[in-house]
Amino acid sequence: MNVAVIGGGRMGAGIAQVFLAAGDHVTVREPQAEAARRRIAEGLAIAESKGSVDRDEALARLVMAEVPADADLVIEAVPEDAALKVRVLAEAEAKAGGDAVLATNTSSLSIAELAAALDRPERLIGLHFFNPVPVQRLVEIVVTGSTPAAVLDRARGHVERIGKTGVVVNDSPGFATSRLGVLLGLEAIRMVEEGVASAEDIDTAMALGYGHPMGPLKLSDLVGLDVRLAIAGYLHARLGPRFEPPALLREKVAAGELGRKTGKGFYQW
């Protein structure tokens, strides 16, 4: 299989890693090519230490280049900006062959609206991976009313082939996981804002009381508070006041406290 990934940040690198681990040839398009290659190599080294992949053999199948014409699957994993996603998807459609499945890793944006700029909008499907991609087992497969059964079947096959579990969700704001996850995270932020409990105690309560692998505030830090704010703003505009971003979230983003990537959010990193 020939897989192309557009974007070599944390998500794109993780997506590339899991397809390399599955034995595919992977092309990554990323302006910061060396940094992206280093992320992928580091991820593969961790996987190799667990005995699940040969790092050097996998890296030999990695190319940092433009989307190739013979790609079977193209996955867009650029930042959560609709205009940027539309542009790179249109460019990918022009480069990839007519049989390639086009996918977006968006966590909340409308698949149909992103697809509207394509010559063949029915080719686009949502493949929403979770961070960190090599560890998380879930992929949301997001379909529209015009998604052909053959495209869905191929997407399911790709997800299964890399050892993930796919759930099929109809195209709607926030899909299933972002809609529920963001709502929980926003309420946790309001609880901190109102002095109900500390971030640490709220997270401990959800981890021990509900079996969550981590609490909603630590997860927000890992996702990025700027990303959380952008998604909340989008859902607020589409679904109403229950998704209105708390003032505390806006303040932290304005102060540059974005979570793990800046060293401070609700936690010190």
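So, how was this worked out
Residues numbered from 1 in each chain as written. Predicted model: local features only at pLDDT ≥ 70, side-chain atom pairs only at ≥ 80, totals over all residues. Heavy atoms only, no water. Helix = DSSP H or I, 4+ residues; strand = E, 2+ residues; numbered from the N terminus. Rg over C-alpha atoms; globule rule 2.2 N^0.38 Å. Buried < 20%, exposed > 50% of the residue type's maximum accessible area, 1.4 Å probe, protein only. Contact = heavy atoms within 4.5 Å. Areas by Shrake-Rupley, 256 points an atom, 1.4 Å probe, with all protein chains shown as cover. Lys, Arg positive; Asp, Glu negative; His and termini not counted. Charge placed at Lys NZ, Arg CZ, Asp CG, Glu CD. Pairing = 2+ DSSP bridges. Axes fitted to C-alpha atoms, helices over the stretch in contact; angles between N-to-C directions. Expected span 1.5 Å × (residues − 1). Patch = residues over 30% accessible without salt bridge, like charges linked within 9 Å, V, L, I, M, F, W, Y side chains within 5 Å. Salt bridge = Lys/Arg side-chain N within 4 Å of Asp/Glu carboxyl O. Phe/Tyr/Trp six-rings, centres within 6.5 Å; stacked < 30°, edge-to-face > 60°. Lys NZ or Arg CZ within 6 Å of the ring centre and 35° of its normal. Polar contact = N/O pair within 3.5 Å; in protein donor to acceptor, adjacent residues only side chain to side chain. Core = buried A, V, L, I, M, F, W, Y, C linked by side-chain atoms within 4.5 Å.

### Describing the overall build of the protein chain
Right, so step 1: Each helix and strand in the protein chain was counted, giving 11 helices and eight strands.
Right, so step 2: Its C-alpha radius of gyration of 19 Å places the protein chain within 12% of the 18 Å reference for a compact globule of 269 residues.
Right, so step 3: By its C-alpha atoms, the protein chain is 55 × 45 × 30 Å across when sized along the principal axes.
Right, so step 4: The proportion of buried residues among the 269 residues of the protein chain is 47%.
Right, so step 5: Sequence-distant contacts in the protein chain: of pairs separated by 6 or more residues, those separated by 24 or more amount to 65%.
Right, so step 6: Carbon and sulfur atoms make up 53% of the accessible area of the protein chain, which totals about 12300 Å².
Right, so step 7: Taken together, the 29 basic and 35 acidic charged side chains of the protein chain have centroids lying 1 Å from each other.

### Side note on the sheet that holds strand S8 (residues 165-170)
Right, so step 1: Overall, mixed pairing links the eight strands, which are arranged S3-S2-S1-S4-S5-S6-S7-S8 in an open sheet. Each edge of the open sheet carries a strand with a single partner, namely strand S3 (62-64) and S8. Pairwise comparison of adjacent strand axes, ignoring direction, gives a mean angle of 25° for this sheet.
Right, so step 2: Of the pairings in the sheet, the one linking strand S6 (residues 124-129) to strand S7 (residues 138-143) comprises four bridges and is antiparallel in character. Within the sheet, the bridge partner assigned to glycine 126 lies in S7 and is valine 142.
Right, so step 3: Those strands touched by helix H6 (residues 149-161) are strand S4 (73-76), strand S5 (101-104), S6, S7 and S8, and its axis lies near 170° from that of S7.

### Topic: helix H2 (residues 33-49)
Right, so step 1: When the terminal C-alpha atoms of H2 are compared, their 24 Å separation across 17 residues agrees well with the 24 Å that a helix rising 1.5 Å per residue should span.
Right, so step 2: Residues of H2 that are buried: Ala35, Ala36, Ile40, Ala41, Gly43, Leu44 and Ala47.
Right, so step 3: Positioned one or two residues after H2, glycine 51 has a phi angle of 80°, which is positive.

### Let's talk about a positive patch on the surface
Right, so step 1: Side chains of Arg10, Arg38, Arg39 and Arg260 sit close together on the surface and give a patch of like positive charge.
Right, so step 2: Inspection of the secondary structure assignment puts arginine 10 in helix H1 (residues 10-21).

### Details of the packing of aromatic side chains
Right, so step 1: Under the defined criterion, the tally for this structure stands at one aromatic pair.
Right, so step 2: A cation over a ring is seen here: lysine 218 above tyrosine 267, with NZ or CZ 5.1 Å from the ring centre.

### Here's the deal with the side chain of histidine 128
Right, so step 1: Along the chain, histidine 128 falls in strand S6.
Right, so step 2: Judged by relative accessible area, which is 6%, histidine 128 ranks as buried.
Right, so step 3: Here the side chain of histidine 128 touches glutamate 140 through a polar contact of 2.8 Å, side chain to side chain.
Right, so step 4: Excluding anything up to four places from it in sequence, histidine 128 contacts Thr104, Asn105, Thr106, Ser107, Leu138, Val139, Glu140, Thr177 and Ser178.

### Remarks on the nonpolar core
Right, so step 1: Ile6, Val67, Val74, Leu124, Val182, Leu217 and Phe266 are the most contacted members of the largest nonpolar core, which has 39 residues in total.
Right, so step 2: Among the elements of the structure, strand S1 (2-6), helix H4 (82-95), helix H5 (111-115), helix H7 (177-193), helix H8 (199-210), helix H10 (225-239) and helix H11 (247-254) are those that each provide at least two residues to this core.
Right, so step 3: Of all the elements, H10 adds the most residues to this core, at six residues.
Right, so step 4: When neighbours within four sequence positions are excluded, valine 67 is seen to be in contact with Ala4, Ile6, Val74, Ala92, Lys95 and Ala96.

### Let's talk about the pattern of salt bridges
Right, so step 1: In this structure the tally under the stated criterion is 14 salt bridges.
Right, so step 2: Of the charged contacts in the structure, one is a salt bridge between lysine 264 and glutamate 257, with a shortest N-O distance of 3.5 Å.
Right, so step 3: Ionic contacts of the salt-bridge type, sharing partners, join the residues Arg29, Glu66 and Glu91 into one network.

### Looking at the environment of valine 5
Right, so step 1: Summarising the element assignment, valine 5 is placed in strand S1.
Right, so step 2: Accessibility expressed as a relative area gives 1% for valine 5, which makes it buried.
Right, so step 3: Taking the C-alpha atoms as reference points, valine 5 and threonine 104, 99 residues apart in sequence, are found 9.8 Å from one another.
Right, so step 4: Look past the residues within four positions of valine 5 in its chain and what remains in contact with it is Gly12, Ile15, Ala16, Val26, Thr27, Val28, Arg29 and Ile75.

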